[in-house]
Amino acid sequence: MHWKSLAGLALVAPSHALIRFGCSQLVVQRIDPLVNPGLVPSPHVHQIIGGNSLNATMDHANHDPPTLSTCTTCQPSDDFSNYWTAVLFFRARNGTYHRVPQKANAGFEGQNGGMTVYYMQDQLADYQQQTKVTAFQPGFRMYVGDVEAKTKAQAQQYRQLTYTCLQDMSTRFPETKDFPTAPCPAGIMANIRFPTCWDGKNLDSPNHMDHMSYPESGTFESQGPCPASHPVAMPQLMYETIWDTSAFNNKEDWPEDGSQPFVWSFGDTTGYGTHGDYIFGWKDGALQAIMDDPCYVSCSSMKTQSIEDMNKCSLAPVVNEDLDSWLTTIPGQSMPM
Ligand SMILES: *[C@@H]1O[C@H](CO)[C@@H](O)[C@H](O)[C@H]1NC(C)=O
Ligand SMILES: *[C@@H]1O[C@H](CO)[C@@H](O)[C@H](O)[C@H]1NC(C)=O
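Residues numbered from 1 in each chain as written. Chains lettered and ligands numbered in written order. Predicted model: local features only at pLDDT ≥ 70, side-chain atom pairs only at ≥ 80, totals over all residues. Heavy atoms only, no water.

K.L.:
Can you explain the overall build of the chain? Please cite residues and give values.
P.N.:
Counting its regular elements, the chain contains four helices and 18 strands. Over its C-alpha trace the chain gives a radius of gyration of 20 Å, about what one expects of a compact globule, namely 20 Å for 337 residues. Within the chain, contacts between residues separated by at least 24 positions form 74% of all contacts whose residues are at least 6 apart in sequence. For the chain, the exposed surface amounts to about 14,000 Å²; the carbon and sulfur share of it is 54%. (Helix = DSSP H or I, 4+ residues; strand = E, 2+ residues; numbered from the N terminus. Rg over C-alpha atoms; globule rule 2.2 N^0.38 Å. Contact = heavy atoms within 4.5 Å. Areas by Shrake-Rupley, 256 points an atom, 1.4 Å probe, with all protein chains shown as cover.)

K.L.:
Quick one: what's the story with the site of ligand 1, residue by residue and with numbers?
P.N.:
Inspection of the region around ligand 1 gives Gly 38, Asn 55, Thr 57 and His 63 as its neighbouring residues. Within the side chain of Asn 55, a nitrogen or oxygen atom sits 2.3 Å from an oxygen atom of ligand 1. About the coverage of ligand 1: the protein hides 46% of its 370 Å² of free accessible area. In terms of residue class, the shell around ligand 1 is built from no nonpolar, four polar and no charged. (Near = heavy atom within 4 Å. Polar contact = N/O pair within 3.5 Å; in protein donor to acceptor, adjacent residues only side chain to side chain. Nonpolar A, V, L, I, M, F, W, Y, C, P; charged D, E, K, R; others polar.)

K.L.:
Kindly report on the pattern of salt bridges, identifying the contributing residues and their values.
P.N.:
Enumeration according to the criterion identifies six salt bridges in this entry. Here Asp 324 makes a salt bridge to Arg 99, at a shortest N to O gap of 3.0 Å. One end of the pair, Asp 324, is in the segment after helix 4 (307-312); the other, Arg 99, is in strand 6 (residues 97-99), and 225 residues separate them in sequence. By relative accessible area, Asp 324 is classed as partly exposed at 48%. When its relative accessible area of 18% is taken as the criterion, Arg 99 is described as buried. Of the charged contacts in the structure, one is a salt bridge between Glu 175 and Arg 193, with a shortest N-O distance of 2.9 Å. (Salt bridge = Lys/Arg side-chain N within 4 Å of Asp/Glu carboxyl O. Buried < 20%, exposed > 50% of the residue type's maximum accessible area, 1.4 Å probe, protein only.)

K.L.:
Break down the site of ligand 2 for me, with residues and values.
P.N.:
Every residue lining ligand 2 is accounted for by Ala 92, Asn 94, Thr 96 and Trp 326. Trp 326 has a polar side-chain atom sitting 3.2 Å from an oxygen atom of ligand 2. Considering ligand 2 on its own, with 360 Å² of exposed area, one finds that the protein chains cover 42% of that surface.

K.L.:
Let's hear about the state of the cysteines: which residues, and what values?
P.N.:
Linking two cysteines covalently through their sulfur atoms gives a disulfide. Considering all chains together, one arrives at five disulfides under this definition. Covalent S-S linkage joins Cys 197 and Cys 226, the inter-sulfur distance amounting to 2.1 Å. Taking the torsion about the sulfur-sulfur bond, which here is approximately -80°, the covalent link between Cys 197 and Cys 226 counts as left-handed. Of this pair, Cys 197 sits in strand 13 (residues 197-198) while Cys 226 sits in the loop between strand 14 (212-213) and strand 15 (232-233), and the two are 29 residues apart along the sequence. The disulfide pattern of the chain is 1-3, 2-10, 4-5, 6-7, 8-9 when the bonded cysteines are numbered in sequence order. (Disulfide = S-S within 2.5 Å.)

K.L.:
Residues and numbers for the sheet that holds strand 14, please.
P.N.:
Spatial strand order, 14-13-15: three strands in an open sheet with antiparallel pairing. Two strands in the sheet have a free side with no partner beyond their single neighbour: strand 14 and strand 15. One ladder, built from two bridges, connects strand 13 with strand 14; its direction is antiparallel. Each residue of the ladder has a partner; that of Cys 197, found in strand 14, is Ser 213. (Pairing = 2+ DSSP bridges.)

K.L.:
Describe the sheet that holds strand 17 (residues 262-264), with residues and values.
P.N.:
Strand order in the open sheet formed by three strands is 6-5-17, and the pairing between neighbours is antiparallel. The open sheet has two edge strands, strand 6 and strand 17, and neither has a second partner. Going from strand to strand, the sheet's axes swing by 35° on average, the running direction of each strand aside. Of the pairings in the sheet, the one linking strand 5 (residues 88-91) to strand 17 comprises three bridges and is antiparallel in character. (Axes fitted to C-alpha atoms, helices over the stretch in contact; angles between N-to-C directions.)

K.L.:
How would you explain the nonpolar core if you had to name every residue and give the values?
P.N.:
Core analysis: the largest hydrophobic core is formed by 51 residues, its most contacted members being Ile 19, Phe 21, Tyr 83, Tyr 119, Phe 136, Tyr 278 and Trp 282. If you tally residues by element for this core, the top one is helix 3 (residues 286-291), at four residues. If sequence neighbours within four positions are ignored, Ile 19 has contacts with Val 117, Tyr 118, Tyr 119, Trp 282, Leu 287, Ile 290, Met 291, Cys 299 and Met 302. Core analysis: the next-biggest nonpolar cluster, separate from the first, contains 26 residues, Val 87, Val 100, Cys 165 and Phe 248 among them. (Core = buried A, V, L, I, M, F, W, Y, C linked by side-chain atoms within 4.5 Å.)

K.L.:
Outline the side chain of Thr 164, supporting the account with residue identities and numerical values.
P.N.:
With respect to the helices and strands, the residue Thr 164 is situated in strand 10 (residues 161-166). Beyond its immediate chain neighbours, meaning those up to four positions away, Thr 164 contacts Thr 171, Arg 172, Phe 173, Pro 174, Glu 175, Gly 187, Ile 188, Met 189 and Asn 191.

K.L.:
If you had to explain unusual backbone geometry to someone new, which residues and values would you point to?
P.N.:
Cis geometry marks the peptide bond from Val 40 to Pro 41, where omega comes out at 0°. Locating Pro 41 in the fold gives a position in the loop between strand 2 (25-29) and strand 3 (46-50). With an omega of 0°, the peptide bond between Phe 173 and Pro 174 qualifies as cis. Following the sequence through the fold, Pro 174 ends up in the loop between strand 10 and strand 11 (175-176). One non-glycine residue with positive phi stands out, namely Asp 284, at about 40°. The topology assignment puts Asp 284 in the loop between strand 18 (275-279) and helix 3. For Asp 284, a relative accessible area of 67% translates into the label exposed.

Okay, structure coming up:
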């Protein structure tokens, strides 16, 4: 949906709807309603945010998150979507593992763990090229990344999955495809940006990715056009997870061979296997209404709740296992690595 034909006519004023908001932790546990529906426990641990209708099975035909949820950990009170990633662990010299906690981004102090979520459109000053985005539809879900990726070349198939080594809370570059190699004083930020072009038909696909595509060239920000197979421009969904490594930054505790000590909950020590999952769950047309509003970050069209109310929403894990001691194995990963 390119609006180039309207250039200079309707688009005199910018229509920069871009929202950025915090979500507290809903639960940390082994379920994965997108990739392993119904499987309890799922193969690896996730940290999950959003609506409390989260369940191991969320078949879109009979599981409507805004109807079934009674609260959400996200700042927009109409957003009952679920967003999740794997969990980061630290491996000590003695071979035991400890879960790395998460912390809130700058500006969201007081939020309990969780992530920062963005829905972005066109940030360029060139309004001539403005693309209008179509919000995700009820039942929509998607995945990005490859848990099996072991090389940089494999990781590069996913254009915008990166890490930022936070020197302080405002560091935003450089971004790397692999884990930082030196301690990061303010933590490791994992950045997950989803593809932005939809086939316009399927709410999901067997690998949870084929119904979406990257732009034909470049990135969302550089505004390559959507390919003919996936013609519908969607908001760019992005997650920032800040892993608070402060308890694990002492080089004396790092491996003697000079390698870095962090490992994803699915056993990846390179960082190349990073991935993210999304199940849409905004109430009615709330997301489209916000996207259509010419606002930037502070959007009055986005109804919000307090951080206190975000923190009050949580879910008891259905899989009860120790995630918070020094562990001899990462849950679900049978072999010590
Ligand atoms: C929740 O998941 C369980 C286990 O897969 C399933 O039996 C149940 O029907 C699901 N509940 C809802 C509301 O989707
Ligand atoms: C392993 O190392 C960690 C970090 O130094 C320490 O806290 C823990 O007690 C050690 N565990 C054992 C069994 O020695």
